[in-house]
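Architecture at a glance
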Amino acid sequence: MSKAKPKEKPFEISKWVVWDAYKRVKANQGAAGVDGETIAEFERDLKGNLYKLWNRMSSGSYFPPPVREVEIPKAEGKGVRTLGVPTVADRIAQTVVRLYLEPEVEPLFHPDSYGYRPGRSALDAVGACRQRCWKRDWVIDLDIRAFFDSLDHELVLRAVSKHTKLRWILLYVERWLKAPLQREDGTLVRRDRGSPQGSAISPLLANLFLHYAFDMWMVRTFPDVPFERYADDGVVHCASEAQAQEVLDAIAERMVEVGLELHLDKTRIVYCKDTDRTGSYEHERFDFLGYTFRPRLAKSKHGNFFVNFSPAVSDGAKKAIGREVRSWRLNCRSDKTLTDLARMFNPIVRGWINYYGRFYKSELFRVLRRLNEYLVRWAMRKYKRLRGHPTRAAKWLVRVARRDPCLFAHWQVGARP
């Protein structure tokens, strides 16, 4: 008698894609979900766990567990932001769907959509915004209220269905959208709107939703009005105040149509004031992706000074950097050498320099030079001959910087003592 053929799965999902998804989740690390299982614990039976996940997804019997609710403070202490942390297995499952869906939708996205896209970054968005602020006098600084918590599930699924014929993708996206949040006390919160910020699939769903809700609508309605969008953060450039008001009113109506709402206290029209644009307006600055755009003194290639409307590290980012540096308690680490301190903190400082130092670097240097003040205090605590002598300690640090200018990351870019 011939052997019975193994029963085919309803859905054809590649095991190699599941393996690739696992590698991506492992690279991103991340906290444990509601089951408390870490990546290391998941890997104790890696082959079995991945097979079980593949088997359930392929048979249509995978049901995502609740998402663990985590609250993190917003910048400058302005309330809290709620994140949803899926389990390790669920993050892998979401990444599997993303790996199938992303190649279908990515080529269709608007060129000025920058958030969570391969080969694009927040700095690209800031750079494009900088160029357009020089060309257009008015800006609409957009802020959508509770965007990730307000996504209309039906509209999300309709957008997904336009770009895939794989029924299992729609099936699991719908299950993820409806998966409840589990609070710290164990209570479950059912959801009929929104997609948890922090999950692997949410950024792609958010981009797809806003592709139709905003990007393509702008192209149809205001084809000559450029914009930059990074997820739910957006800036629109207008030629006049009247046009800015017209566009803003239309955007507010459009947001209501798709189940969203502009945050009226944070959404504003801004005048891009500089040497050539000398008018006055209520708002002459705005924040975008950690940068503050405002009139700043600049120097031309001929050595002449002028006022330029340009971005630099924002006040909120500077305060966050200051809090982080204070938390290191550098001056109290007298058990460490300078080389130890450089090894411990250079990666973090280098990250700040790479991001916030791209535009108007001198503004960031004012913050980074505080590190030198902490190093002077460290030297006074470390060496007896420098105790109580801040001037002597500062001169000592200057000599060290001259002798080894590449020791600290901020010294390498010119923020030396």
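The text that follows walks through the structure, step by step, so that each part is easy to find.

Cut-offs applied
- Residues numbered from 1 in each chain as written.
- Predicted model: local features only at pLDDT ≥ 70, side-chain atom pairs only at ≥ 80, totals over all residues.
- Heavy atoms only, no water.
- Helix = DSSP H or I, 4+ residues; strand = E, 2+ residues; numbered from the N terminus.
- Buried < 20%, exposed > 50% of the residue type's maximum accessible area, 1.4 Å probe, protein only.
- Contact = heavy atoms within 4.5 Å.
- Areas by Shrake-Rupley, 256 points an atom, 1.4 Å probe, with all protein chains shown as cover.
- Lys, Arg positive; Asp, Glu negative; His and termini not counted.
- Charge placed at Lys NZ, Arg CZ, Asp CG, Glu CD.
- Expected span 1.5 Å × (residues − 1).
- Patch = residues over 30% accessible without salt bridge, like charges linked within 9 Å, V, L, I, M, F, W, Y side chains within 5 Å.
- Salt bridge = Lys/Arg side-chain N within 4 Å of Asp/Glu carboxyl O.
- Phe/Tyr/Trp six-rings, centres within 6.5 Å; stacked < 30°, edge-to-face > 60°.
- Lys NZ or Arg CZ within 6 Å of the ring centre and 35° of its normal.
- Pairing = 2+ DSSP bridges.
- Axes fitted to C-alpha atoms, helices over the stretch in contact; angles between N-to-C directions.
- 1 Å grid on protein atoms, 1.4 Å probe; cavity = no way out; pocket = protein on both sides within 12 Å on 5 of 7 lines; lining within 4 Å.
- Points joined across faces, edges and corners; volume = space filled by probe spheres on them.
- Nonpolar A, V, L, I, M, F, W, Y, C, P; charged D, E, K, R; others polar.
- Parallel < 35°, antiparallel > 145°, perpendicular 65-115°, else oblique.
- Left-handed = near helix turned anticlockwise from the far one by under 90°.
- Core = buried A, V, L, I, M, F, W, Y, C linked by side-chain atoms within 4.5 Å.

A closer look at the overall build of the chain
Along the backbone of the chain there are 15 helices and 11 strands. Dimensions along the principal axes, computed over C-alpha positions, put the chain at roughly 90 × 60 × 40 Å. Out of the 417 residues belonging to the chain, those deemed buried represent 48%. Considering only intrachain contacts with a sequence separation of at least 6, the fraction spanning at least 24 residues in the chain is 68%. Of the roughly 21,800 Å² of accessible surface on the chain, a fraction of 50% belongs to carbon and sulfur atoms. Once the 73 positive and 51 negative side-chain charges of the chain are each reduced to a mean point, those two points are 10 Å apart.

Observations concerning helix α8 (residues 167-178)
Compared with the 16 Å implied by 1.5 Å per residue over 12 residues, the 17 Å span of α8 between its first and last C-alpha is a close match. Every buried residue belonging to α8 is among W168, I169, Y172, V173, R175, W176 and L177, and all of these are buried. Each element contacted by the buried residues of α8 is listed here: α3 (46-59), α4 (88-105), α7 (153-161) and α9 (202-221).

Here's the deal with a positive patch on the surface
There is a patch of like positive charges on the surface, built from R385, K395, R399, R402 and R403. Mapped onto the elements of the fold, R399 is located in helix α14 (residues 390-403). On the basis of relative accessibility, which here comes to 46%, the residue R399 falls in the partly exposed class.

Some points on the packing of aromatic side chains
All told, the structure shown has 25 aromatic pairs when counted by the stated rule. With a centroid separation of 6.2 Å and 45° between ring planes, the pair formed by Y172 and W176 is classed as tilted. Placement of the pair is Y172 and W176 together in helix α8, with a separation of four residues, close to one helical turn. Since its relative accessible area comes to 6%, W176 is described here as buried. Through a chain of ring-to-ring contacts, the aromatic side chains of Y62, Y100, W168, Y172 and W176 assemble into a single cluster. The ring of W54 carries the charged tip of K15 above its face, separated from the ring centre by 4.5 Å.

Re the sheet that holds strand β11 (residues 305-313)
Across the sheet, three strands lie side by side as β9-β10-β11; this open sheet has antiparallel pairing. The sheet is open, and its two edges are formed by β9 (286-288) and β11, each paired on a single side. Across this sheet, the average inter-strand angle for adjacent strands is 50°, counted without regard to direction. Relative to β11, strand β10 (residues 291-299) runs antiparallel, the two sharing nine bridges. Of the residues in β11, the one forming a bridge with R296 is N308.

Section: unusual backbone geometry
One non-glycine residue, A146, adopts positive backbone phi at about 45°. Take A146: it is sitting in the loop between β3 (138-143) and α6 (147-150).

What about the layout of surface pockets?
Considering only enclosed or pocket space, the second largest pocket measures out at about 490 Å³ in volume. N28, G198, S199, A200 and P203 are, among the 26 residues lining the second largest pocket, the residues nearest its centre. Looking at the lining of the second largest pocket, the element that brings in the most residues is α4, giving four residues. Residues of the lining of the second largest pocket, tallied by class, amount to 11 nonpolar, nine polar and six charged.

A word on the sheet that holds strand β8 (residues 268-271)
Taken in spatial order, the four strands of this open sheet run β6-β7-β3-β8, and their pairing is antiparallel. Each end of this open sheet is capped by a strand with a single partner; those strands are β6 (227-230) and β8. Adjacent strand axes in the sheet meet at a mean angle of 20° when their direction is disregarded. The pairing of β3 with strand β7 (residues 233-238) spans six bridges and is antiparallel. Within the sheet, the bridge partner assigned to V139 lies in β7 and is H237. Of the strands in this sheet, β3, β6 and β7 touch helix α5 (residues 122-135), which is tilted by about 160° from β6. Strands β3, β7 and β8 of the sheet are contacted by helix α10 (residues 241-257), whose axis makes an angle of about 20° with β3.

Re the environment of P103
With respect to the element layout, P103 can be found in helix α4. With relative accessibility at 51%, the residue P103 sits in the exposed group.

Here's the deal with the pairing of β6
The alternating pattern of β6 places F227 and R229 on one face and E228 and Y230 on the opposite face, and all of these are buried. By the bridge criterion, four bridges tie β6 to β7 in an arrangement that is antiparallel. Residue pairing across strands places R229 opposite G234, the latter belonging to β7.

Considering the packing of helix α11 (residues 315-328) against helix α13 (residues 361-382)
At a minimum axis distance of 11 Å, the contact between α11 and α13 shows a crossing angle of 15°. As judged from the angle between their axes, α11 and α13 are roughly parallel. α13 is crossed by α11, and the crossing has right-handed handedness. Judged by residue contacts, K318, I321, G322, V325, R326 and W328 of α11 engage E363, L364, V367, R370, L371 and Y374 from α13. Classifying every residue of the contact of α11 with α13 gives seven nonpolar, one polar and four charged.

Re the nonpolar core
One finds M57, I92, V236 and I251 to be the most contacted residues of the largest nonpolar core, which totals 68 residues. No other element matches α9, which puts 10 residues into this core.

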